[in-house]
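Each chain, written out:
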Amino acid sequence: GAVRAGSLTITNRTGHAANVRLDPVNGVTDSMLGADFGLAGQPGRESTRWIALSARRVVIPPHSARVVEDGLLVPRSARPGEYLSGIAVQARGEEQVVSAGRGIRIGETYRYAVGVETRLPGRHRPDIRFTGVQLTRYPASVVFLLVASNTGNVILKNVHGSVLITKRGRRVLLKRIEPGTFVSH
């Protein structure tokens, strides 16, 4: 059903009007085991598609604020569990361009994301699986990555442990895995 989730108050502290864009974004697990949010414009998954905003674009006069109401439209087919999505807030036309010379231009845009965690009743099942390994080369190092997936329906917080890498029965590395978060779904 439909539920009012809250509201966002967006304040413009500048002396000129601000053109602000709001987008529902996916909750993700980043490579350093933290919860993060995907980029605006990416296809929304499950709970991201449930987010309903009273406005997606607002113009805020100088030294003013606007309130945007948000809600969730959860379909009957939604499965039990914990879901993480977010609302990205970004001022349009505020890109800062740094010229690095020799034909290279670097653009930087600041955005903020407000998390929306949804918990649907029913059986909650934690489950994390290691699905592979990768070796990545960077200019100054080689990185060994463990690939894991939260296949359960619970956001797993403070997950920690250790990994043992062996070669022909000989220990190559024993490394502690620092506490992290695995976003579900």
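For the structure itself, look to the data block above.
Quick caveat, the model's predicted, so the values are computed rather than measured. Sequence positions are assigned chain by chain, starting from 1 and proceeding in written order. Local features in a predicted model are, by the rule used here, given only for residues with pLDDT of at least 70; side-chain atom pairs are given and counted only at 80 or more, and totals for whole chains, interfaces and linings are based on all residues. Side-chain figures throughout are based on the complete set of non-hydrogen atoms in the structure, without hydrogens or water.

S.K.: Please provide a residue-by-residue account of the overall build of the protein chain, values included.
M.R.: If you tally the helices and strands in the protein chain, you get 1 helix and 14 strands. The globule rule used here is 2.2 Å times the number of residues to the 0.38 power, and the radius of gyration it is set against is calculated over C-alpha atoms. Against the 2.2 N^0.38 benchmark of 16 Å for 185 residues, the protein chain shows a C-alpha radius of gyration of 21 Å, more extended than a compact globule. For the protein chain, with 185 residues in total, the buried portion stands at 30%. In the protein chain, of all internal contacts separated by at least 6 residues, the share reaching a separation of at least 24 is 64%. Accessible surface area values rest on a Shrake-Rupley calculation with a 1.4 Å probe, where residue burial reflects the displayed protein chains alone. If you sum the accessible surface of the protein chain, you get close to 12,400 Å²; carbon and sulfur atoms cover 52% of it. We treat Lys and Arg as the positive residues and Asp and Glu as the negative residues; His and chain ends play no part in the count. In this description, the location of a charge corresponds to atom NZ of lysine, CZ of arginine, CG of aspartate or CD of glutamate. Here the protein chain contributes 26 positive and 13 negative side-chain charges, whose respective centroids are spaced 8 Å apart. The helix count covers DSSP runs of H or I at least four residues long, the strand count covers runs of E at least two residues long, and both are numbered beginning at the N terminus. Between buried and exposed lies partly exposed: a residue is buried under 20% and exposed over 50% of the maximum accessible area for its type, with that area taken using a 1.4 Å probe on protein chains only. In this analysis, two residues are considered to be in contact whenever any of their non-hydrogen atoms come within 4.5 Å of each other.

S.K.: Let's hear about unusual backbone geometry: which residues, and what values?
M.R.: With phi around 65°, L33 is a residue other than glycine that occupies positive phi space. Looking at the secondary structure, you find L33 in the loop between β2 (18-29) and β3 (35-37). Phi is positive for N158, which is not a glycine, with a value near 60°. Take N158: it is sitting in strand β13 (residues 156-167).

S.K.: Which residues make up the nonpolar core, and what values do they have?
M.R.: What we call a nonpolar core is a set of buried Ala, Val, Leu, Ile, Met, Phe, Trp, Tyr and Cys residues that are connected through their side-chain atoms within 4.5 Å. I10, V20, L22, V58 and I87 are the most contacted members of the largest nonpolar core, which has 19 residues in total. Broken down by secondary-structure element, the contributors of at least two residues to this core are β1 (2-12), β2, β4 (51-53), β5 (57-60), β6 (64-73), β7 (81-91) and β10 (111-120). In this structure I10 touches V20, L22, I60, S64, A65, R66, V68 and V89, once residues within four positions along its chain are discounted.

S.K.: Any chance you could break down empty space enclosed by the protein for me, citing the residues and the numbers?
M.R.: The definitions used throughout rest on a 1 Å grid laid over the protein atoms alone, on which a cavity is an enclosed set of points accommodating a 1.4 Å probe that cannot get out and a pocket is an open set flanked by protein within 12 Å on both sides along at least five of seven lines; lining residues are those having an atom within 4 Å of a point. Grid points are joined across faces, edges and corners, and a volume is the space filled by probe spheres set on the points. According to the stated counting rule, one finds 1 cavity of 30 Å³ or more in the structure shown. Approximately 80 Å³ is the volume attributed to the largest cavity. In terms of lining, the largest cavity is formed by N26, G27, R45, E46, S47, T48, E82, Y83, L84, V183, S184 and H185. For the lining of the largest cavity, the secondary-structure elements that each account for two or more residues are β2, α1 (46-50) and β7. Here the residues of the lining of the largest cavity are counted per class, giving 3 nonpolar, 6 polar and 3 charged. Three residue categories are used. Nonpolar comprises Ala, Val, Leu, Ile, Met, Phe, Trp, Tyr, Cys and Pro, charged comprises Asp, Glu, Lys and Arg, and polar comprises the others, including Gly.

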